[in-house]
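Here is what each chain is made of, one letter per residue.
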Amino acid sequence: MAARSTTSTPTQSLHAFTNDALGTADATGLVERLKRGEVSATELTRAAIARARSVDPRIRGLATENYERALDMASRLDRKRSSEASGFFSGVPTVVKDNTDIQGLPTRHGSAAVPESTAAKTSPFGQQLLDQGFTCLGKSALPEFGFNASTEPAHDAPSRNPWNLDYSTGASSGGSAALVAAGVVPVAHANDGGGSIRIPAACCGLVGLKPSRGRLIDNDAARTLPVNIISDGIVSRSVRDTVNFMAEAERYFKPRSLPGIGRLEGPSGRRLTIGLVLDSLNGHATDAETRAATEATARRLEKLGHRIEPIPIPVADSFPDDFALYWAFLAFGVTVNGRQLIHSGFDKQRVDGLTVGLARTFKRQFYRLPGALWRLRRSRQDYAKAIAGLDAVLTPVLGHTTPALGYLSPEIPFDTLFERLTRYVSFTPLANATGAPAIAVPASVTGDNLPVAFSSWGVMATSRRYWTWPLPWSQRRPGPIFIRPGPAVRPVKGVKPLADRLHSRQPPGYGPGL
């Protein structure tokens with residue numbers, strides 16, 4: 001069971017939504033306003049900076065500011081907008097996760113072991129992202145090297161969940177998720193090596209897609225892995241923003257090994273066969289609130305005309321242990337080869353307790369690695385066979401609801417933390433090992449005012465068909481405000497509860513303010 005906050009004070013939520021240039025629009029809505037000349041890129045950037053200065057001292061989503069350069073970029077975009085503006089999202093502010101190089105900004109990977117020095121060039125995926133026209137406000141926070149499932153770096157303050165400040169944002173893209181959920185930016189960069197797009201999306205009430213392996217340009221680290229488990233992407237407040245991001249990314253880089261996606265405009269109306277998995281890959285039972293949210297999603301999908309089929313867990317029994325060993329292997333590699341892999345000034349004496357514990361675990365079990373790698377590579381074929389005849393698989397994102405800050409701190413004893421992490425992150429790693437696409441979408445809200453999400457896993461080489469059933473939840477315009485300044489959550493009169501709106505054909509909004 002996840003830890004609940006022991007505070008006796010009322011639920012504290014925080015957002016930056018206000019009647020400024022950003023308003024309550026998603027990124028696609030801002031693009032439309034930019035095209036109509038209702039707002040400028042400079043106005044959007046100034047609004048985002050003001051919002052960051054207002055809420056980031058509390059939510060701690062930013063690792064590095066880039067305000068002056070962002071304003072310069074916005075000014076240049078405004079000057080050329082009438083004739084040669086480039087990129088679908090030209091002028092929309094965003095942030096980049098602090099494990100991805102952006103020229104002129106430091107990359108510290110959420111670790112005190114990495115000294116601050118500016119990147120000489122932008123990484124391959126960073127360029128693919130920025131070439132869509134985004135203005136970069138800065139770098140977002142993550143736990144050390146992305147190994148944890150809560151953004152609580154040992155050397156710095158934790159990122160706080162805007163829905164309830166006593167709770168985790170998830171990880172490892174937790175800083176990005178906090179900034180999007182709080183309304184600082186409409187979308188933000190995220191990447192995923194075991195759930196790090198989907199987990200913070202689930203915790204913060206956002207949409208988070210881990211794309212198919214190879215769908216986007218790989219960064220250098222992903223290319224060197226014996227099993228490439230890393231995918232880049234974004235977290236957003238609407239399905240349509242994620243759809244448009246993927247369509248624009250495909251214009252920049254079109255993988256030959258995967259079918260095209262193109263730009264989707266709505267659900268196809270096709271009846272799908274969807275597998276249902278409720279309990280985790282490692283045998284732990286899913287908690288009641290998370291299970292109920294997924295079951296409710298399945299029932300509503302049936303009402304929409306889709307066929308739901310409960311299926312066995314589509315993975316070998318050895319998978320949880322194999323993936324855990326691979327996770328430990330990556331931590332061992334960082335501690336031993338940090339100066340070669342990350343920075344010449346890397347100081348392994350300053351890594352946190354989780355990294356140390358994982359590295360020690362690998363040293364005790366290193367002899368198992370060849371077999372684990374073979375089985376992880378094989379998981380792609382096992383998964384494809386297990387879901388043959390299905391269009392998608394519906395699961396929870398996580399084994400239980402979002403924990404309070406401190407429950408997954410890297411400063412607690414390693415054995416305790418490791419056990420907690422394996423119970424919590426008990427669904428997401430399969431999509432990383434197999435390379436399948438997987439998306440997190442909000443489903444309901446707990447009594448602690450925390451979102452609960454469901455996940456859809458796709459089949460390998462998924463194209464347009466995979467997107468057709470999440471699209472009934474894609475907002476055409478931003479939804480109503482649900483959180484006003486102050487601790488209480490006051491629903492807007494006449495608006496259905498979030499759980500009902502998410503499962504209707506009406507376009508909802510996402511995030512604590514949407």
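Read on for an overview of the structure. Because the structure is predicted, anything quoted here is derived from the model rather than measured.

## Details of the environment of Phe362
Note on placement: Phe362 falls in helix α11 (residues 353-365). Note: C-alpha distance between Phe362 and Ala328 (34 residues apart in sequence) is 5.2 Å. With residues near it in sequence (within four places) discarded, Phe362 still touches Leu325, Ala328, Phe329, Phe332 and Leu369.

## Some words on the sheet that holds strand β8 (residues 307-310)
Taken together, eight strands build an open sheet; the order of strands is β4-β6-β5-β10-β11-β9-β7-β8 and the sheet is mixed. Each of the sheet's edge strands pairs with one partner strand only, and the pair in question is β4 (187-192) and β8. Recorded for the sheet is a direction-independent mean angle of 25° between the axes of neighbouring strands.

## Here's the deal with the packing of aromatic side chains
Enumeration over the complete set of coordinates arrives at 12 aromatic pairs. A ring pair is formed by Phe329 and Phe362, whose centres lie 5.5 Å apart and whose planes are at 55°; its orientation type is tilted. Of the two residues, Phe329 sits in helix α10 (residues 319-341) while Phe362 sits in helix α11, which places them 33 residues apart along the sequence. Exposure remark for Phe329: the relative accessible area of 22% places this residue in the partly exposed category. When its relative accessible area of 6% is taken as the criterion, Phe362 is described as buried. Aromatic pair Phe414 and Phe418: ring centres 5.6 Å apart, planes at 40°, arrangement tilted.

## Focus on the pairing of strand β5 (residues 207-210)
What you see with β5 is no split at all: Val207 and Leu209 on one side and Gly208 and Lys210 on the other are buried throughout. In this sheet, strand β6 (residues 231-236) lies alongside β5 in antiparallel orientation, the contact comprising two bridges. Bridge pairing in β6 links Val207 to Ser236. Note: β5 against strand β10 (residues 438-445), three bridges, orientation antiparallel. Considered in β10, the bridge of Gly208 is made with Ala440.

## Examining the environment of Ala21
Along the polypeptide, Ala21 turns up in the segment before α1 (27-35). The exposure class of Ala21 is buried, given its relative accessible area of 15%. Residues Ala21 and Glu43 lie 22 residues apart in sequence; the distance between their C-alpha atoms is 6.1 Å. If near-sequence neighbours (up to four positions away) are discounted, Ala21 is found in contact with Leu30, Arg33, Val39, Glu43, Leu44 and Ala47.

## Focus: the packing of α1 against helix α8 (residues 239-252)
The contact between α1 and α8 brings their axes to 8 Å, and the two run at 70°. Classified by the angle between their axes, α1 and α8 sit roughly perpendicular to one another. Judged by residue contacts, Ala27, Thr28, Gly29 and Glu32 of α1 engage Arg240, Asp241 and Asn244 from α8. By residue class, the composition of the contact of α1 with α8 is one nonpolar, three polar and three charged.

## So, α8
Here α8 spans 20 Å end to end across 14 residues, near enough to the 20 Å set by a 1.5 Å rise per residue. Burial analysis of α8 places 12 of its 14 residues in the buried class, which makes it a mostly covered element. All of the buried residues in α8 are Val239, Arg240, Asp241, Thr242, Val243, Asn244, Phe245, Met246, Ala247, Glu248, Ala249 and Glu250. Buried-residue contacts for α8 involve α1, α4 (124-130), β4, β5 and β6.

## Points about the pattern of salt bridges
This model, assessed by the stated rule, comprises 19 salt bridges. Note that Asp156 and Arg60 form a salt bridge whose closest N and O atoms lie 3.0 Å from each other. Of this pair, Asp156 sits in the loop between β3 (135-140) and α5 (174-181) while Arg60 sits in the loop between α2 (41-59) and β1 (62-65), and the two are 96 residues apart along the sequence. Classification of Asp156 by relative accessible area gives partly exposed; the value is 41%. If you follow the salt bridges from partner to partner, you end up with Asp26, Glu32 and Arg240 in one network.

Cut-offs used in this document
Residues numbered from 1 in each chain as written. Predicted model: local features only at pLDDT ≥ 70, side-chain atom pairs only at ≥ 80, totals over all residues. Heavy atoms only, no water. Helix = DSSP H or I, 4+ residues; strand = E, 2+ residues; numbered from the N terminus. Contact = heavy atoms within 4.5 Å. Pairing = 2+ DSSP bridges. Axes fitted to C-alpha atoms, helices over the stretch in contact; angles between N-to-C directions. Phe/Tyr/Trp six-rings, centres within 6.5 Å; stacked < 30°, edge-to-face > 60°. Buried < 20%, exposed > 50% of the residue type's maximum accessible area, 1.4 Å probe, protein only. Parallel < 35°, antiparallel > 145°, perpendicular 65-115°, else oblique. Nonpolar A, V, L, I, M, F, W, Y, C, P; charged D, E, K, R; others polar. Expected span 1.5 Å × (residues − 1). Salt bridge = Lys/Arg side-chain N within 4 Å of Asp/Glu carboxyl O.

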